Amino acid sequence: MILLLDTSSSQLAIGLATDDGALLRECHAEPDAGGGERAIHDARLAIETATLLSNEGASANEITRIGIIIGPGSFTGLRIGLSFAKGLAFAVGAGIVPMTVHEVLQSANPSHNGYIITSGYRPDLFYVAE
(Lines give C-alpha, C1' and ligand atoms only; values in the text may rest on other atoms or scores of the structure.)
Protein backbone atom coordinates (compact mmCIF):
# COMPACT_ATOMS: atom_id res chain seq x y z
CA MET A 1 0.00 0.00 0.00
CA ILE A 2 1.20 3.52 -0.78
CA LEU A 3 0.61 6.48 1.54
CA LEU A 4 0.52 9.85 -0.24
CA LEU A 5 1.14 13.07 1.69
CA ASP A 6 0.95 16.73 0.70
CA THR A 7 1.65 19.25 3.44
CA SER A 8 3.14 21.88 1.12
CA SER A 9 0.29 24.36 1.51
CA SER A 10 -2.12 25.47 4.19
CA GLN A 11 -4.32 22.53 3.21
CA LEU A 12 -3.69 18.92 4.15
CA ALA A 13 -4.01 16.16 1.55
CA ILE A 14 -3.52 12.47 2.33
CA GLY A 15 -4.22 9.46 0.14
CA LEU A 16 -3.96 5.70 0.18
CA ALA A 17 -3.25 3.80 -3.01
CA THR A 18 -2.60 0.23 -4.05
CA ASP A 19 0.96 -0.77 -4.88
CA ASP A 20 0.18 -0.22 -8.57
CA GLY A 21 -1.05 3.33 -7.88
CA ALA A 22 -4.86 3.01 -7.89
CA LEU A 23 -6.27 5.49 -5.38
CA LEU A 24 -8.25 3.82 -2.58
CA ARG A 25 -9.09 6.67 -0.22
CA GLU A 26 -8.23 10.31 0.26
CA CYS A 27 -8.63 13.10 2.78
CA HIS A 28 -8.53 16.83 2.12
CA ALA A 29 -8.70 19.23 5.06
CA GLU A 30 -8.36 22.96 5.51
CA PRO A 31 -7.32 24.74 8.71
CA ASP A 32 -9.96 26.24 10.94
CA ALA A 33 -10.31 29.99 10.71
CA GLY A 34 -7.25 31.54 12.31
CA GLY A 35 -5.69 28.12 12.94
CA GLY A 36 -2.95 28.30 10.33
CA GLU A 37 -1.01 25.46 8.74
CA ARG A 38 0.66 24.30 11.92
CA ALA A 39 -2.75 23.74 13.48
CA ILE A 40 -3.80 21.45 10.65
CA HIS A 41 -0.56 19.65 9.79
CA ASP A 42 0.75 19.24 13.30
CA ALA A 43 -2.58 18.36 14.88
CA ARG A 44 -4.27 16.34 12.15
CA LEU A 45 -1.69 14.61 9.95
CA ALA A 46 -1.28 11.52 12.14
CA ILE A 47 -4.96 11.40 13.10
CA GLU A 48 -6.22 11.64 9.51
CA THR A 49 -3.67 9.06 8.35
CA ALA A 50 -4.82 6.65 11.06
CA THR A 51 -8.45 7.29 10.12
CA LEU A 52 -7.80 6.55 6.43
CA LEU A 53 -6.00 3.33 7.31
CA SER A 54 -8.78 2.29 9.70
CA ASN A 55 -11.50 3.05 7.13
CA GLU A 56 -9.62 0.89 4.63
CA GLY A 57 -9.28 -1.92 7.19
CA ALA A 58 -5.50 -1.67 6.94
CA SER A 59 -2.66 -1.16 9.37
CA ALA A 60 0.41 1.06 9.10
CA ASN A 61 2.55 -2.07 8.66
CA GLU A 62 0.94 -2.58 5.23
CA ILE A 63 2.47 0.67 3.93
CA THR A 64 5.32 -0.19 1.55
CA ARG A 65 6.00 3.30 0.16
CA ILE A 66 5.31 6.88 1.20
CA GLY A 67 5.00 9.43 -1.56
CA ILE A 68 5.52 12.94 -0.26
CA ILE A 69 5.54 16.40 -1.78
CA ILE A 70 8.88 18.07 -1.02
CA GLY A 71 8.13 21.49 -2.51
CA PRO A 72 7.74 24.11 -3.47
CA GLY A 73 5.70 25.21 -0.52
CA SER A 74 5.51 26.28 3.06
CA PHE A 75 8.66 25.49 5.04
CA THR A 76 6.68 24.62 8.17
CA GLY A 77 4.23 22.39 6.32
CA LEU A 78 7.01 20.60 4.41
CA ARG A 79 9.04 20.10 7.58
CA ILE A 80 6.08 18.58 9.43
CA GLY A 81 5.22 16.29 6.52
CA LEU A 82 8.80 15.12 5.99
CA SER A 83 9.31 14.45 9.70
CA PHE A 84 6.11 12.42 9.85
CA ALA A 85 7.01 10.48 6.67
CA LYS A 86 10.55 9.71 7.84
CA GLY A 87 9.39 8.54 11.27
CA LEU A 88 6.63 6.35 9.84
CA ALA A 89 8.90 4.93 7.13
CA PHE A 90 11.48 3.99 9.75
CA ALA A 91 8.83 2.38 11.97
CA VAL A 92 7.21 0.23 9.27
CA GLY A 93 10.14 -0.27 6.88
CA ALA A 94 8.57 1.69 4.01
CA GLY A 95 10.47 3.51 1.30
CA ILE A 96 10.06 7.24 0.72
CA VAL A 97 9.39 8.65 -2.75
CA PRO A 98 9.97 12.43 -2.81
CA MET A 99 8.07 14.41 -5.46
CA THR A 100 7.65 18.07 -6.29
CA VAL A 101 4.27 19.60 -6.98
CA HIS A 102 5.45 20.26 -10.53
CA GLU A 103 6.38 16.60 -11.12
CA VAL A 104 2.94 15.50 -9.98
CA LEU A 105 1.21 18.05 -12.22
CA GLN A 106 3.38 17.04 -15.19
CA SER A 107 2.63 13.34 -14.69
CA ALA A 108 -1.09 14.12 -14.56
CA ASN A 109 -0.82 15.83 -17.96
CA PRO A 110 2.13 14.28 -19.86
CA SER A 111 1.23 16.02 -23.13
CA HIS A 112 1.95 19.39 -21.56
CA ASN A 113 4.97 21.01 -23.28
CA GLY A 114 6.13 24.04 -21.42
CA TYR A 115 6.11 25.70 -18.08
CA ILE A 116 4.10 24.72 -15.05
CA ILE A 117 3.23 27.68 -12.87
CA THR A 118 1.82 27.28 -9.38
CA SER A 119 0.84 29.92 -6.91
CA GLY A 120 3.24 30.60 -4.10
CA TYR A 121 2.61 30.80 -0.45
CA ARG A 122 2.20 34.59 -0.58
CA PRO A 123 -0.13 36.41 -3.00
CA ASP A 124 2.83 38.10 -4.74
CA LEU A 125 4.83 34.88 -5.25
CA PHE A 126 4.59 32.04 -7.77
CA TYR A 127 6.75 29.08 -8.78
CA VAL A 128 7.70 28.16 -12.34
CA ALA A 129 9.09 24.83 -13.56
CA GLU A 130 9.94 23.77 -17.09
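Structure report, in brief. (Residues numbered from 1 in each chain as written. Predicted model: local features only at pLDDT ≥ 70, side-chain atom pairs only at ≥ 80, totals over all residues. Heavy atoms only, no water.)

**A short note on the sheet that holds strand β5 (residues 95-99)**
In a beta sheet, neighbouring strands pair by backbone hydrogen bonds and run either parallel or antiparallel.
So, point 1. Strand order in the open sheet formed by 5 strands is β3-β2-β1-β4-β5, and the pairing between neighbours is mixed. In this open sheet, the two strands that pair with only one neighbour each are β3 (23-29) and β5. Ignoring strand direction, the axes of neighbouring strands in this sheet form an average angle of 15 degrees.
So, point 2. Pairing analysis gives 4 bridges linking strand β1 (residues 2-6) to strand β4 (residues 65-69), with the strands arranged parallel. When the sheet's bridge partners are listed, Leu3 is paired in β4 with Ile66.
So, point 3. With respect to the sheet, helix α2 (residues 75-92) is in contact with β1, β4 and β5, its orientation differing from that of β4 by roughly 170 degrees.
So, point 4. Lying on the sheet, helix α3 (residues 101-108) is in contact with β4 and β5; it crosses β5 at an angle near 85 degrees. (Pairing = 2+ DSSP bridges. Helix = DSSP H or I, 4+ residues; strand = E, 2+ residues; numbered from the N terminus. Axes fitted to C-alpha atoms, helices over the stretch in contact; angles between N-to-C directions. Contact = heavy atoms within 4.5 Å.)

**Re the nonpolar core**
So, point 1. Judged by nonpolar contacts, the single largest core of 22 residues is most densely connected at Leu3, Leu5, Ile14, Ile63 and Ile66.
So, point 2. Elements with a contribution of two residues or more to this core: β1, β2 (12-17), β3, α1 (36-56), β4 and α2.
So, point 3. When residues in this core are grouped by element, the largest group, 5 residues, is from α2.
So, point 4. Sequence-distant contacts of Leu5, that is, excluding residues within four places in its chain, are made with Ala13, Ile14, Leu45, Thr49, Ile66, Gly67, Ile68, Ile69, Gly81, Phe84 and Ala85. (Core = buried A, V, L, I, M, F, W, Y, C linked by side-chain atoms within 4.5 Å. Buried < 20%, exposed > 50% of the residue type's maximum accessible area, 1.4 Å probe, protein only.)

Shape descriptors only; they carry no functional weight alone.
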